[in-house]
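Architecture and fold: a report
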Amino acid sequence: MKEATSNEFFTDWKYAPAPESTDHIKLNKQYDLFINGKFVKPTSKKYFDTINPATEQKLAEVAEANEKDVDLAVTSAKNAYDKVWKKMPAKERSKYIFRIARLMQERAREFAVIESMNGGKPIRESRDVDTPLAANHFFYYAGWADKLDYAFPNKKPQSLGVAGQIIPWNFPLLMAAWKIAPALATGNTVVLKPAETTPLTALKLAELIRDSGLPDGVVNIITGFGKTGAAIVNHPKINKVAFTGSTDVGKLIQKSIAGTNKKVTLELGGKAANIIFDDAPIDQAVEGIINGIFFNQGHVCCAGSRLFIQENVADIVIGKLKQRLETLIVGDPLDKNTDIGAINSKEQLTKINDFIKIGIDEGAEMYQSSCSIPSKGFFCKPTLFLHTSQSHRIVQEEIFGPVLAIQTFRTVEEVIEKANNIPYGLSAGVWTDKGSKIFNLTSKLRAGVVWANTYNKFDPASPFGGYKESGFGREGGLHGLMPYLSF
Ligand code: NAI
Ligand code: MG
């Protein structure tokens, strides 16, 4: 232990490494498709590697489902729907969903570690946010299953059939929970496809579902790329599509189901405005800005990726933000002190770096933390862009990385105009001491969620979803039941 006598101690101190152990987790070398309650070999006979983005090491290989495999999965879901699930008393359905939630709590540590290994997110996030929220989602919807007639009085809610669910890589387990829990509670069966870079926690969930005794075929989990996703969307026995991912794929899905009877919800990109007024609690706001865009590597559709600071406090806020940026720890996702883990894939890192170049070329002033980043794996320094304007691409387009575009404003009208002048409308944040200002803004900001004096807070009881190109339909809460029902 070094003595605290030299200045060096104060300027160059570090946390000791505190990595979470990985010896309690069990990963197979190879994963098959979870269809009709069993893991089965893909008829495609194809497998692809899934890696740890922090080390670039292979973790396992997973099956690639082709159209035939998709058909087997959808058929199994349809049979389970007709023969078992839709006939089961709602109270019994509820017990299964509750059991899934309990098992997830029991295995929380394993889920958290695998989530960080396969996705790159800091263990602090996967342990304290993703996994408990995923379990809570199942608990919450277990409670609704036998109360649908009370949720929608006099409307006679009916299940739809088979839900095809396609999810992204930024919250692999949580998105699986957001999709599966309300579908089961409303009496539907499921075919779910995780993203190609993060299949492992969904496959662990498949093992858990098998162990829970859920009737065979009620949930099927199959892996693959975009082509597999498209085959699910286009399968004639799919009654409802739930998608979270890029706006481009969302548009493709909408086109391909046009003219069919399929119901759809799309949760797409975002470019949230985080707005700081001069009467805001500045230190809390700075922490909210950091939490909004840098934790989780900015891989959050509702990330506060545009910052608007009222002009008279801009220097103070930016000064504090730069100081705080210096203290952020970038590195090993499994280390409990890590704030910013690995970027999910090489492709995503390339996209982020391209946007950083675009920002510089557009004439914005770049500021990065002086931290070092690991030489192996996919990492990105937390980055600020100052003096940006509405027309800049780094202000208009979703980057999905730890990159913050900063603008200043003078009046409330100006900031509302700028915040709304964007193709997206998923979320926003407001920081001010005045409740009246909050109410004024929340009614004028065109965003599905507006946080006030906090950011990125989630609860299963609260609906989530977008305006404009951020998609439509709501997940979570009572609203989250509706897309899975007909009335
Ligand atoms: P993506 O939209 O291609 O992938 C999301 C899911 O859709 C994956 O499971 C993928 O296999 C599947 N998919 C791809 N093409 C499909 C198709 N034609 N039909 C059906 N399913 C299909 O997203 P990608 O390429 O991984 O990321 C690109 C950008 O999208 C990111 O840089 C980010 O800006 C945005 N994004 C937004 C997310 C959000 O939460 N709103 C999540 C992930 C990415
Ligand atoms: Mg894509």
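Throughout what follows, the structure given in this document is the object of discussion. Note that this is a predicted model, so its numbers are computed, not measured.

Quick notes on the rules
Position numbers for residues start from 1 in each chain and track the written sequence from start to end. As a convention, the first chain written is A and the first ligand written is 1, with the rest following in written order. The predicted origin of the model limits local features to residues at a pLDDT of at least 70 and limits the giving and counting of side-chain atom pairs to 80 or more, whereas totals for whole chains, interfaces and linings rest on all residues. For side-chain calculations, the full set of non-hydrogen atoms in the structure is used, while hydrogens and water are omitted. We count a salt bridge whenever a side-chain nitrogen from Lys or Arg sits within 4 Å of a carboxyl oxygen from Asp or Glu. Only DSSP runs of H or I covering at least 4 residues are called helices, and only runs of E covering at least 2 are called strands; the numbering of each starts at the N terminus. Expected helix span is given by 1.5 Å per residue-to-residue step, counting one fewer step than there are residues. Only protein chains enter the accessibility calculation, which uses a 1.4 Å probe; a residue is then buried when its area is under 20% of its type maximum, exposed when over 50%, and partly exposed in between. Throughout, a residue-residue contact means that at least one pair of heavy atoms, one from each residue, lies within 4.5 Å. Polar contacts here mean pairs of N or O atoms no more than 3.5 Å apart (in protein, one a potential hydrogen donor and the other a potential acceptor; neighbouring residues in sequence count only if both atoms are side-chain atoms). To obtain each axis, a line is fitted to C-alpha atoms, and for helices this fit is confined to the stretch in contact; angles are then taken between N-to-C directions over 0 to 180 degrees. Each angle gets one of four labels, with under 35 degrees taken as roughly parallel, over 145 as roughly antiparallel, 65 to 115 as roughly perpendicular, and the rest as oblique. Rotating anticlockwise by less than a right angle from the far helix to the near helix defines a left-handed crossing, while the corresponding clockwise rotation defines a right-handed one. The rule for a residue being near a molecule or strand is that one of its heavy atoms must lie within 4 Å of it. Here the Shrake-Rupley method, with its probe set to 1.4 Å, supplies the accessible areas, and only the displayed protein chains count as covering residues. Ten residue types, Ala, Val, Leu, Ile, Met, Phe, Trp, Tyr, Cys and Pro, are classed as nonpolar, four, Asp, Glu, Lys and Arg, as charged, and the remainder, Gly among them, as polar.

Let's shift gears to the pattern of salt bridges. Overall, the coordinates contain 28 salt bridges when judged by the stated rule. Ionic pairing is found between Asp 216 and Lys 38, a salt bridge with its closest N-O pair at 3.7 Å. Remark: Lys 38 occurs in strand β3 (residues 38–40) and Asp 216 occurs in the loop between α8 (200–212) and β9 (219–221); sequence separation between them is 178 residues. Salt bridges sharing common partners tie together Glu 20, Arg 109 and Lys 336.

Turning next to helix α11 (residues 282–293). Taking 1.5 Å per residue, 12 residues should reach 16 Å; α11 reaches 17 Å between its end C-alpha atoms and fits that length. Taken across its 12 residues, α11 has nine buried, putting it largely inside the fold. Considering only its buried residues, α11 is in contact with β12 (273–276), β13 (306–310), α12 (314–327), β16 (403–409) and β18 (427–431).

Within the secondary structure layout, Gln 407 lies in strand β16. What makes Gln 407 buried here is its relative accessible area of 5%. Polar contacts involving the side chain of Gln 407 include one to the side chain of Gln 390, which spans 3.4 Å. Non-local contacts of Gln 407, meaning those with residues more than four positions away in its chain, are made with Leu 307, Phe 308, Ile 309, Thr 388, Ser 389, Gln 390, Val 395 and Lys 418.

Axis separation between helix α3 (residues 90–106) and α8 bottoms out at 10 Å; the angle between their running directions is 125°. The angle between α3 and α8 places the two elements in the oblique class. For the pair α3 and α8, the sense of crossing is right-handed. Between α3 and α8, the contacting residues are Tyr 96, Arg 99, Ile 100, Leu 103 and Met 104 on the first element and Leu 205, Leu 208, Ile 209, Asp 211 and Ser 212 on the second.

Before going further, it helps to spend a moment on the site of ligand 1. Surrounding ligand 1, one finds 27 residues, the nearest of these being Trp 169, Glu 196, Ser 246, Lys 351 and Glu 398. The separation between a nitrogen atom of ligand 1 and a polar main-chain atom of Gly 245 is 3.3 Å. Here Glu 398 contributes a side-chain N or O atom positioned 2.7 Å from an oxygen atom of ligand 1. The protein chains hide 85% of the 810 Å² of surface that ligand 1 would expose on its own. At the level of secondary structure, the elements contributing two or more residues to the shell around ligand 1 comprise α9 (226–234), β10 (240–244), α10 (247–257) and α13 (346–361).

Interaxial distance between helix α4 (residues 108–119) and α8 falls to 9 Å at its minimum, and their mutual angle equals 155°. On the basis of the axis angle, α4 is roughly antiparallel to α8. Listed contacts from α8 to Glu 110, Phe 111, Ile 114, Glu 115 and Asn 118 of α4 are Leu 200, Thr 201, Lys 204, Leu 205 and Leu 208. Split into classes, the residues belonging to the contact of α4 with α8 amount to five nonpolar, two polar and three charged.

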